[in-house]
Amino acid sequence: MGTALVTGATSGIGLELAWQLAAARHHLVLVARTTDRLEKVAHQIRSAAGVDVEVLTADLGSVEGRGVVTDRLRRDARPVGLLVNNAGFGLGQRLVGGDLGREELALEVMVHSVLVLSKVAAEAMVARGHGAILNVSSMAAWTTMGTYAAHKAWVLAFTEGLAGELAGTHVTATALCPGLVRTEFHERAGLDAATWPASAWVDVERVASAALTAVRRGQVVVTPSLRYTAAAVALRHTPRRLVRKVAGAAASGRALR
Ligand SMILES: NC(=O)c1ccc[n+]([C@@H]2O[C@H](COP(=O)([O-])OP(=O)(O)OC[C@H]3O[C@@H](n4cnc5c(N)ncnc54)[C@H](OP(=O)(O)O)[C@@H]3O)[C@@H](O)[C@H]2O)c1
């Protein structure tokens, strides 16, 4: 893989992926909006792992921010061999009555950016004859829980389609579908993490390690933890009408009768 570019690398799943990639001797390009956090993480990883770490401050919700990252993906000097589209956030609001700007930003960061960065990276990687793309979806992809679920369903279907298109090119695409992971995600979205039982959470280390194992195997979809793998199978086989009923009840706070 050589150099790995990770978006959303200052916190949570992206940060852990960066550490595990550094431990496996990959050079890194770390992307997020907050320069001081990026510089701090880069310094810690360089000192501990002895790998090269570049930082790119970029808001993936903007054309300019995506341009900064696509310029780096096209560069042939120290080429990016693994792209991780991880940056994202929970909306913490309903569509009706919610802030439209936040909805549009979510679409830009979790869908538009994944499309643009994957396309640019895949073209550069195919031309070089090798590479891998890891797109972070979610267990939510199999539900109907709001626009976040719709964005993550898009990431899952997009990545599966891309993996098919890339067959035979020595470039792979993998979708990571985590369940609940303790990161800054829930606090940033204004969600109360205490409402979920302790058994529902999966360690961020386990999520990152399962994702990187899947990338090395060229696996198309990975759902870390046996419990969530079983839940994903169940969700795929549950009548959609029932999935909608449960999601509707959860969204409205009603108990399902
Ligand atoms: N945690 C979970 O339970 C869970 C479950 C399933 C899927 N996921 C997915 O996992 C991914 C990572 O989430 P996380 O849980 O690790 O959340 P997190 O701890 O809040 O980290 C999010 C990262 O994304 C970056 N980011 C957010 N908006 C950005 C933007 N506009 N441009 C560039 N970077 C941006 C943040 O950095 P800056 O703020 O510095 O930009 C941060 O580094 C997301 O795609 C999320 O949807 C999370």
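To start, this report covers the structure provided alongside it. This structure is a prediction, so every number in the text was calculated from the model and none was measured. (Residues numbered from 1 in each chain as written. Predicted model: local features only at pLDDT ≥ 70, side-chain atom pairs only at ≥ 80, totals over all residues. Heavy atoms only, no water.)

## Observations concerning the side chain of Glu103
Of note, Glu103 is situated in helix α4 (residues 100-128). Here Glu103 sits buried without a salt bridge, and the closest side chain of opposite charge, Arg102, lies 7.4 Å off (N-O distance). Excluding residues within four positions of it along the chain, Glu103 makes contact with Leu91, Gln93, Arg94, Leu95, Thr147 and His151. (Helix = DSSP H or I, 4+ residues; strand = E, 2+ residues; numbered from the N terminus. Buried < 20%, exposed > 50% of the residue type's maximum accessible area, 1.4 Å probe, protein only. Lys, Arg positive; Asp, Glu negative; His and termini not counted. Salt bridge = Lys/Arg side-chain N within 4 Å of Asp/Glu carboxyl O. Contact = heavy atoms within 4.5 Å.)

## As for the environment of Arg72
Looking at the element boundaries, Arg72 is found in helix α3 (residues 63-74). With relative accessibility at 3%, the residue Arg72 sits in the buried group. For Arg72 and His27, which are 45 residues apart along the polypeptide, the C-alpha to C-alpha distance reads 14 Å. With residues near it in sequence (within four places) discarded, Arg72 still touches Thr3, Leu5, Val29, Glu54, Leu56, Ala77, Arg78 and Val80. Within the structure, Arg72 has its side chain in polar contact with the backbone oxygen of Arg78 (distance 2.7 Å). (Polar contact = N/O pair within 3.5 Å; in protein donor to acceptor, adjacent residues only side chain to side chain.)

## Structural notes on the site of the ligand
Close to the ligand lie 31 residues, the nearest being Thr10, Ser11, Thr34, Tyr148 and Thr183. For the ligand, an oxygen atom lies 2.4 Å from a polar atom in the side chain of Thr34. Between the ligand and Arg188 there is a distance of 2.8 Å, counted from an oxygen atom to a side-chain nitrogen or oxygen. In isolation the ligand exposes 890 Å². Once the protein is present, 98% of that is buried. Elements that contribute at least two residues to the shell around the ligand include exactly α1 (12-23), α5 (146-165), β7 (180-181) and α6 (185-188). No other element matches α6, which puts 3 residues into the shell around the ligand. Residue classes in the shell around the ligand are distributed as 13 nonpolar, 13 polar and 5 charged. (Near = heavy atom within 4 Å. Areas by Shrake-Rupley, 256 points an atom, 1.4 Å probe, with all protein chains shown as cover. Nonpolar A, V, L, I, M, F, W, Y, C, P; charged D, E, K, R; others polar.)

## Remarks on empty space enclosed by the protein
Space left empty within the atom packing is revealed by a probe, the size of a water molecule, rolled over the atoms. Under the definition given, this model contains 1 cavity of 30 Å³ or more. Taken as a whole, the largest cavity spans an internal volume of roughly 40 Å³. In terms of lining residues, the largest cavity is bounded by Asn85, Asn86, Ala87, Met110, Val114, Val136, Lys152 and Val155. For the lining of the largest cavity, the secondary-structure elements that each account for two or more residues are α4 and α5. (1 Å grid on protein atoms, 1.4 Å probe; cavity = no way out; pocket = protein on both sides within 12 Å on 5 of 7 lines; lining within 4 Å. Points joined across faces, edges and corners; volume = space filled by probe spheres on them.)

## So, a positive patch on the surface
A surface patch of positive charge is lined by Arg240, Arg241, Arg244 and Lys245. Within the secondary structure, Lys245 sits in helix α9 (residues 240-252). (Patch = residues over 30% accessible without salt bridge, like charges linked within 9 Å, V, L, I, M, F, W, Y side chains within 5 Å. Charge placed at Lys NZ, Arg CZ, Asp CG, Glu CD.)

## Some thoughts on the packing of α3 against α4
Axes are the key here: two packed helices are described by the angle between their axes and the distance separating the axes. In the contact formed by α3 and α4, the axes pass within 9 Å of each other and the chain directions differ by 15 degrees. Comparing the axis directions of α3 and α4 gives the class roughly parallel. As for how α3 packs across α4, the hand of that crossing is right-handed. In contact with Arg66, Val69, Thr70, Leu73 and Arg74 of α3, α4 contributes Glu108, His112, Ser113, Val116, Leu117, Val120, Ala121, Ala124 and Arg128. (Axes fitted to C-alpha atoms, helices over the stretch in contact; angles between N-to-C directions. Parallel < 35°, antiparallel > 145°, perpendicular 65-115°, else oblique. Left-handed = near helix turned anticlockwise from the far one by under 90°.)

## Notes on α1
When the terminal C-alpha atoms of α1 are compared, their 17 Å separation across 12 residues agrees well with the 16 Å that a helix rising 1.5 Å per residue should span. Restricting attention to buried positions, one finds in α1 the residues Ile13, Gly14, Glu16, Leu17, Ala18, Gln20, Leu21 and Ala22. (Expected span 1.5 Å × (residues − 1).)

## So, the pattern of salt bridges
Opposite charge on two side chains permits them to pair, given that their charged atoms come into close proximity. Here the structure, examined in full by the defined rule, presents 7 salt bridges. Between Asp52 and Arg78 there is a salt bridge, with the nearest N and O atoms lying 2.4 Å from each other. With a gap of 26 residues between them, Asp52 in the loop between α2 (35-49) and β3 (53-57) and Arg78 in the loop between α3 and β4 (80-85) connect regions that are remote in the sequence. The shortest N-O distance in the salt bridge between Glu54 and Arg72 comes to 2.9 Å. Placement of the pair is Glu54 in strand β3 and Arg72 in helix α3, with a sequence separation of 18 residues. Judged by relative accessible area, Glu54 falls into the partly exposed class, the value being 24%.

## Some words on the side chain of His26
For His26, the location among the structural elements is in the loop between α1 and β2 (27-32). Look at His26 and you get buried, because its relative accessible area is 9%. A distance of 3.2 Å separates a polar atom in the side chain of His26 from the backbone oxygen of Gly2.

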